[in-house]
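Letter by letter, the chains look like this.
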Amino acid sequence: MIVWLNGTHGVGKTTTSALVQQMLPGSRVFDAEKVGETLMDIKPGLPATDNFQHWPPWRPLVVETARRVLDYAGGTLVMPMTVLVEQYWREISSGFAQHGVPVRHFVLHADQETLRGRIAGDAVVGPDSPFRLHYLEPYAEAARAWLHAEAEVVDTSCLTPVEAARQIVLRVEGGDGVGQKAKST
C-alpha cells in the first residue's frame with residue numbers, strides 16, 4: 001500500500017511522514033523527490049524546467065520505483081510529495097492501479113495564515129522561503145479545483161505533527177474513515 005501525503009510546500013509532509021512511519025507497523029518512507037533529484041543529475045541535463053515533475057519520465061519512474069520497493073520489501077510506503085497538477089496525479093494514481101497497488105491519498109491542509117507562519121519560522125529550510133511562498137496560490141487553486149475532492153483532507157491548522165500523523169494512521173488502519181474519498185482512476 002501507498003500512503004501518499006500531499007499538500008503545499010511547508011505544510012509538514014516530511015515531518016508527518018516520518019511520524020506516520022514510526023506509528024504504522026511495516027512501513028517505510030519513500031520521498032519521490034529523490035527520483036526528481038536523480039533526473040536532475042543527468043548530464044547533459046534534460047530540457048530546462050522549473051519543476052522536475054514536468055519531465056514526463058518522473059511520473060512513471062515514481063510508480064515503478066515504489067512498486068518495485070513494495071514487491072521487494074512488502075509493507076507500506078509513506079510518500080510525502082506535493083503534486084498540484086491533476087493530470088500528473090492521474091498518471092501516478094492510474095499507474096499504481098494498473099499494478100494493483102492500493103493508494104490512500106491524504107492532503108495535509110492548513111489555512112493561509114498558518115502556512116505563512118510555518119514558512120516564516122522554518123529553521124531547516126530557512127525563513128520565508130521564496131520557493132515555498134510561490135506555491136501557496138497554486139496549492140489553493142488545486143485544492144479548490146480538484147485536490148480536496150480527490151483525497152482525504154487532514155486540516156493541520158490546529159494540529160501538531162503527531163496529532164496529524166495519528167489521524168492518518170487511524171484512517172489507514174480503519175479507525176474512523178473520516179474524509180475517505182472514493183477513488184476513480
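Residues numbered from 1 in each chain as written. Predicted model: local features only at pLDDT ≥ 70, side-chain atom pairs only at ≥ 80, totals over all residues. Heavy atoms only, no water.

Regarding the packing of helix 3 (residues 58–73) against helix 4 (residues 86–98)
The N-to-C vectors of helix 3 and helix 4 enclose an angle of 30°; their axes lie 9 Å apart at closest approach. As judged from the angle between their axes, helix 3 and helix 4 are roughly parallel. Like other packed secondary-structure pairs, helix 3 and helix 4 cross with a definite hand, here right-handed. In contact with Trp-58, Arg-59, Val-63 and Ala-66 of helix 3, helix 4 contributes Tyr-88, Glu-91, Ile-92, Gly-95 and Phe-96. Grouping the constituent residues of the contact of helix 3 with helix 4 by class yields six nonpolar, one polar and two charged. (Axes fitted to C-alpha atoms, helices over the stretch in contact; angles between N-to-C directions. Helix = DSSP H or I, 4+ residues; strand = E, 2+ residues; numbered from the N terminus. Parallel < 35°, antiparallel > 145°, perpendicular 65-115°, else oblique. Left-handed = near helix turned anticlockwise from the far one by under 90°. Contact = heavy atoms within 4.5 Å. Nonpolar A, V, L, I, M, F, W, Y, C, P; charged D, E, K, R; others polar.)

Some points on the environment of Val-103
In this fold, Val-103 is placed in strand 4 (residues 103–109). Between the C-alpha atoms of Val-103 and His-9, which are 94 residues apart in sequence, the distance is 21 Å.

Quick notes on the layout of surface pockets
If you add up the space inside the largest pocket, you get close to 1,000 Å³. Forming the walls of the largest pocket are 44 residues, and the residues nearest its centre are His-9, Gly-10, Lys-13, Thr-82 and Arg-132. Mapped onto the lining of the largest pocket, the elements with two or more residues apiece are helix 1 (13–23), helix 2 (33–40), helix 5 (112–120), helix 6 (130–134) and helix 8 (161–172). (1 Å grid on protein atoms, 1.4 Å probe; cavity = no way out; pocket = protein on both sides within 12 Å on 5 of 7 lines; lining within 4 Å. Points joined across faces, edges and corners; volume = space filled by probe spheres on them.)

Observations concerning the pattern of salt bridges
A full pass over the atoms with the stated rule returns eleven salt bridges. For Lys-34, the salt bridge is made with Glu-37, and the minimal N-O distance between the two is 3.6 Å. Taken together, the residues Lys-34 and Glu-37, both in helix 2 and three residues apart, mark about one turn of the helix. What makes Lys-34 partly exposed here is its relative accessible area of 47%. Note on Glu-37: relative accessible area 27%, which makes it partly exposed. Arg-144 serves as the salt-bridge partner of Glu-137, at 3.1 Å between the closest nitrogen and oxygen. On the basis of relative accessibility, which here comes to 48%, the residue Glu-137 falls in the partly exposed class. On the basis of relative accessibility, which here comes to 57%, the residue Arg-144 falls in the exposed class. (Salt bridge = Lys/Arg side-chain N within 4 Å of Asp/Glu carboxyl O. Buried < 20%, exposed > 50% of the residue type's maximum accessible area, 1.4 Å probe, protein only.)

Re the confidence of the model for the protein chain
Averaged over every residue, the pLDDT of the protein chain is 93; the share at 70 or more is 94%. Note on residues 177–185: pLDDT is under 50 here. Beyond four places in sequence and across chains, it has 22 contacts. (pLDDT = per-residue confidence, 0-100.)

Remarks on the sheet that holds strand 4
Spatially, five strands are ordered 2-3-1-4-5 in an open sheet, and the strand pairing comes out parallel. The sheet is open, and its two borders are formed by strand 2 (27–29) and strand 5 (152–155), each paired with just one other strand. The sheet shows a mean angle of 25° between the axes of neighbouring strands, taken without regard to direction. Bridge count for strand 1 (residues 2–6) against strand 3 (residues 76–80) is four bridges, and the pairing is parallel. By the bridge assignment, Trp-4 is partnered in strand 3 with Met-79. Relative to the sheet, helix 7 (residues 136–150) contacts strand 1, strand 4 and strand 5, its axis offset from that of strand 4 by approximately 145°. (Pairing = 2+ DSSP bridges.)

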